[in-house]
Amino acid sequence: MTDQQLIENTIVFVKNTLANAEGGHDWFHIERVYKNAIQIAQGENVNLLIVSLGALLHDIADSKFFNGDETIAPRMASEFLLSLDADSAVIEHVVQIIKNISFKGGNKVQAFKSLELDVVQDADRLDALGAIGIARTFNYGGFKNRKLYDPSIVPKLDMTPEEYKASTAPTINHFYEKLLLLKDKMNTKTGRAIAEKRHQYMEAFLKQFYGEWEGKL
């Protein structure tokens, strides 16, 4: 099987698997991350097959929707790629990307490093920024029936990965606990440049939000 056929089969698999997924973590999220990853990869010396498969499979079973179980996604991805007779080294690399891509409060030490992970991680983080990032954040907040904002509940910036996963804070808090931190955590030059623009958009949104909240705008 050629690399292109492997990618095409993976696209079909992901579309089918995420057919009924929450709107911020569905096929269209995967597609945007895949496109971001391909764009970023053009300026990096990376294995494009691994970047492509990592981007396509990175959220095949997000632990948020599986009671926090982080073992399901790597297992699903591995079993699927094995069924296509993908190279064992490629499979292992993709599995490591899936295991290490997540933000988790920003306080977890990454156990695996590679340029391919850097690219896919930046691509995923970009989809949490800007207009799309805002839309996804409020969509997920609604999905979890969270408050939009509660001035009495302040953002918590020093959460452990476990606290981050268990948080039920208002949606606005997520901007401070994750989204606004991503700009300075980007790995690549292209990722940083795009993140800067999207970060500025979110800051403008928050200024408008607070102004409307107080009835001043």
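1. Overview of the packing of helix H4 (residues 72-83) against helix H5 (residues 88-100)
Moving on, step 1. It is the contact of H4 with H5, at a shortest axis distance of 9 Å, that shows an interaxial angle of 160°. For the element pair H4 / H5, the angle class is roughly antiparallel. Crossing of H4 against H5: the hand is right-handed. For the pair H4 and H5, contact is made by Ala-73, Pro-74, Ala-77, Ser-78, Leu-81 and Leu-82 and by Ile-91, Val-94, Val-95, Ile-98 and Lys-99, respectively.
Moving on, step 2. For the contact of H4 with H5, a count of residues per class yields 9 nonpolar, 1 polar and 1 charged.

2. Topic: the packing of aromatic side chains
Moving on, step 1. Tallied over the entire structure, the rule returns 11 aromatic pairs.
Moving on, step 2. Ring centres 5.9 Å apart and planes at 80° place the aromatic pair Tyr-149 and Phe-209 in the edge-to-face group. With Tyr-149 in the loop between helix H7 (130-143) and helix H8 (161-166) and Phe-209 in helix H10 (residues 189-213), this residue pair connects regions lying 60 residues apart in the sequence. For the pair Tyr-149 and Phe-209, a shared accessibility class is recorded, and that class is buried.
Moving on, step 3. Taking 4.8 Å as the distance between ring centres and 75° as the angle between the ring planes, the aromatic pair formed by Tyr-149 and Trp-213 counts as edge-to-face. Of the two residues, Tyr-149 sits in the loop between H7 and H8 while Trp-213 sits in helix H10, which places them 64 residues apart along the sequence.
Moving on, step 4. Ring pairs connect the aromatic residues Phe-138, Tyr-149, Phe-175, Phe-205, Phe-209, Tyr-210 and Trp-213, which therefore count as one cluster.
Moving on, step 5. The lysine or arginine in question, Lys-64, covers the ring of Tyr-140, its NZ or CZ lying 5.9 Å from the ring centre.

3. Section: the pattern of salt bridges
Moving on, step 1. Counted by the stated rule, this structure contains 7 salt bridges.
Moving on, step 2. Between Asp-62 and Lys-64 there is a salt bridge whose closest N-O contact spans 2.9 Å.
Moving on, step 3. Looking at Asp-62, the relative accessible area reads 13%, which means it is buried.
Moving on, step 4. Lys-183 is the salt-bridge partner of Asp-184, the closest N and O atoms lying 3.1 Å from each other.
Moving on, step 5. By sharing partners, the salt bridges in this structure join Arg-32, Asp-127 and Arg-136 into a single network.

4. Side note on the environment of Asn-16
Moving on, step 1. With respect to the helices and strands, the residue Asn-16 is situated in helix H1 (residues 3-17).
Moving on, step 2. Residue Asn-16 is classed as exposed on the basis of its relative accessible area, which comes to 57%.

5. Some thoughts on the side chain of Glu-22
Moving on, step 1. Residue placement: Glu-22 occurs in the loop between H1 and helix H2 (27-41).
Moving on, step 2. Of the side chains with opposite charge, Arg-136 comes closest to the buried, unpaired Glu-22, at an N-O distance of 6.2 Å.
Moving on, step 3. One polar contact links Glu-22 to His-25, side chain to side chain, over a distance of 2.5 Å.
Moving on, step 4. The residues contacting Glu-22, other than those within four sequence positions of it, are Phe-65, Asn-139, Tyr-140 and Phe-143.

Calculation notes
- Residues numbered from 1 in each chain as written.
- Predicted model: local features only at pLDDT ≥ 70, side-chain atom pairs only at ≥ 80, totals over all residues.
- Heavy atoms only, no water.
- Axes fitted to C-alpha atoms, helices over the stretch in contact; angles between N-to-C directions.
- Helix = DSSP H or I, 4+ residues; strand = E, 2+ residues; numbered from the N terminus.
- Parallel < 35°, antiparallel > 145°, perpendicular 65-115°, else oblique.
- Left-handed = near helix turned anticlockwise from the far one by under 90°.
- Contact = heavy atoms within 4.5 Å.
- Nonpolar A, V, L, I, M, F, W, Y, C, P; charged D, E, K, R; others polar.
- Phe/Tyr/Trp six-rings, centres within 6.5 Å; stacked < 30°, edge-to-face > 60°.
- Buried < 20%, exposed > 50% of the residue type's maximum accessible area, 1.4 Å probe, protein only.
- Lys NZ or Arg CZ within 6 Å of the ring centre and 35° of its normal.
- Salt bridge = Lys/Arg side-chain N within 4 Å of Asp/Glu carboxyl O.
- Lys, Arg positive; Asp, Glu negative; His and termini not counted.
- Polar contact = N/O pair within 3.5 Å; in protein donor to acceptor, adjacent residues only side chain to side chain.

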